[in-house]
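# Descriptive analysis of the structure
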Amino acid sequence: MGDYSIGVDLGGTNLRIAAVDGDGKLLEKLTLGAEVARGREFVITEMCKAIETLRAKYNGSGQLLGIGIGVPGFIDMAAGMVMESPNLPDWKSFPVRDEIERRLNTTVILENDANSAAMGEKWLGAGRQYDHMAMYTLGTGVGGGLVLNGRLWHGMTGMAGELGHFNVYADGHPCGCGSRGCLEQYASATAVVRMAHEAIARGESEELEKLSHDPGQFTSRSIYNLAVQGEHAAKKVFENVGRALGIGIGAMVNALNLPMYVIGGGVSSAWDAFATTMFEEMKFRSSIYSLTSPDRIGHEKGTIITRALLGSDAGLYGAARLPMLEGFSQLEKGRH
Ligand SMILES: [Zn+2]
């Protein structure tokens, strides 16, 4: 190994930390049960302790280039602060980047978790061959990230790439962001469960109803299992996912004409239940997609919509990549 960096993925239930070298080789991964509910100070202290452990172990064989931290929420890149995060209420407007830099004496980059995942897929996953791509992470919510010319596109303040809040139905289901009909309300795991409940309320499916009696078992995964068995209402739920994705991604294709759109997150494993509807909808909604679809002009030159490859590690690898791209090193910054 040569120089390396450390990526952090701050999830809702655990904190994952990985040391990764410049070739993308995983040196070591730690999973801490540092629940964010225990507060900012606790999490930051546990995170710094684990980073110090990794640094002590690997510093003999290479330089630590810095730390990238993927955080769920809106980030102010210039200030290195979390502006808004439902999962991390006490992180709001706290100078978290500067505080961690002070404790560890190395470069720290704070990034949105979905942006980190996009960078991970660009570096080592589905987007390796592409300089430009968009990524959708279909999880509890729908995250998004944009990579242009090999770098994350941050927009003016760092809040760009919120592809989950593209409006797909003007008067649709209310969204946590304050709007209505956002993609997130039709393509997240939460949305899959809600749409299944709506089907039950309309009396459309006894099988879904039966499944819903055990709320612990009523998940997007079990609804997907019913869909692949051919259950009509469950199939329709995933067709709704595909339709919403087709509308949302179609708008992106029209706006940016990127060569690649990557779909990751837990719900992406239901690909075979939503992809057909998604592609149909994309051709209908986006003439640009229609003109550039791989079945029309070939895979090499076509607009590719594909599944992510790195699973839940995308954000971790992407976060580790950030300090490498910044070109900082402890030496350059005159640190030891
Ligand atoms: Zn929204």
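Calculation rules
Residues numbered from 1 in each chain as written. Predicted model: local features only at pLDDT ≥ 70, side-chain atom pairs only at ≥ 80, totals over all residues. Heavy atoms only, no water. Salt bridge = Lys/Arg side-chain N within 4 Å of Asp/Glu carboxyl O. Helix = DSSP H or I, 4+ residues; strand = E, 2+ residues; numbered from the N terminus. Buried < 20%, exposed > 50% of the residue type's maximum accessible area, 1.4 Å probe, protein only. Donors = N, O, S within 2.8 Å, 3.2 Å for Na, K, Ca; no water. Tetrahedral: all angles 85-135°; square planar, octahedral: opposite > 155°, others 65-115°. Pairing = 2+ DSSP bridges. Contact = heavy atoms within 4.5 Å. Axes fitted to C-alpha atoms, helices over the stretch in contact; angles between N-to-C directions. Expected span 1.5 Å × (residues − 1). Core = buried A, V, L, I, M, F, W, Y, C linked by side-chain atoms within 4.5 Å.

## Here we look at the pattern of salt bridges
Inspection of every chain in the model, using the stated rule, returns 16 salt bridges. E28 is paired through a salt bridge with K57; the nearest N and O atoms lie 2.7 Å apart. Pair noted here: E28 is in strand 3 (residues 26-32) and K57 is in helix 1 (residues 40-58), with a separation of 29 residues, a long-range link. Residue classification places K57 among the exposed residues on the basis of a relative accessible area of 51%. As a salt-bridge pair, R194 and E198 come within 2.8 Å of each other at their nearest N and O atoms. You can see R194 and its partner E198 sitting in helix 5 (residues 189-201), 4 residues apart, about one turn around the helix. Looking at R194, the relative accessible area reads 16%, which means it is buried. Taken together, the shared-partner salt bridges in this structure form one network comprising D9, R16, K29 and D313.

## Section: the coordination of the zinc ion
Around the zinc ion, the protein contributes the donor atoms H165 (ND1), C175 (SG), C177 (SG) and C182 (SG), at 2.0 to 2.3 Å from the metal centre. Each of the 4 donor atoms around the zinc ion contributes to a set of angles spanning 105 to 117°, which defines the coordination as tetrahedral. Of note, the donors binding the zinc ion are all from one chain and are spaced H-x9-C-x1-C-x4-C. On the basis of relative accessible area, C177 is assigned to the partly exposed category, the value being 43%.

## Here's the deal with the sheet that holds strand 11 (residues 260-264)
If you trace the 5 strands from one edge of the open sheet to the other, you get 10-9-8-11-12, paired in mixed fashion. Here the strands that pair on one side only, and so sit at the sheet edges, are strand 10 (151-152) and strand 12 (304-307). In terms of strand pairing, strand 8 (residues 133-138) meets strand 11 through 4 bridges, oriented parallel. Note that in strand 11 the partner of Y136 across the bridge is I263. The strands touched by helix 3 (residues 113-124) are strand 8, strand 9 (142-148), strand 10 and strand 11; relative to strand 9, the strand with the most contacts, the crossing angle is about 50°. Packed onto the sheet, helix 9 (residues 271-285) meets strand 8, strand 11 and strand 12 and runs at close to 165° relative to strand 12.

## Let's talk about helix 9
When the terminal C-alpha atoms of helix 9 are compared, their 20 Å separation across 15 residues agrees well with the 21 Å that a helix rising 1.5 Å per residue should span. Looking at helix 9, one finds that the buried residues are W271, A273, F274, A275, T277, M278, E281 and M282. Those residues of helix 9 that are buried lie in contact with strand 8, helix 7 (220-228), helix 8 (232-256), strand 11, helix 10 (287-292) and strand 12.

## Structural notes on the nonpolar core
Generally speaking, nonpolar side chains in soluble globular proteins are found buried as a group. L208, F238, L245, I249 and F274 are the most contacted members of the largest nonpolar core, which totals 47 residues. Listing elements by their share of this core, those giving two or more residues are strand 8, strand 9, helix 4 (184-187), helix 5, helix 7, helix 8, strand 11 and helix 9. Considering every element that reaches this core, the biggest residue donor is helix 8, with 11 residues. If near-sequence neighbours (up to four positions away) are discounted, L245 is found in contact with L138, L183, A187, G250, I263, F274 and M278. In terms of nonpolar packing, the next biggest core, distinct from the first, is built from 32 residues, A19, L64, W91 and I100 among them.

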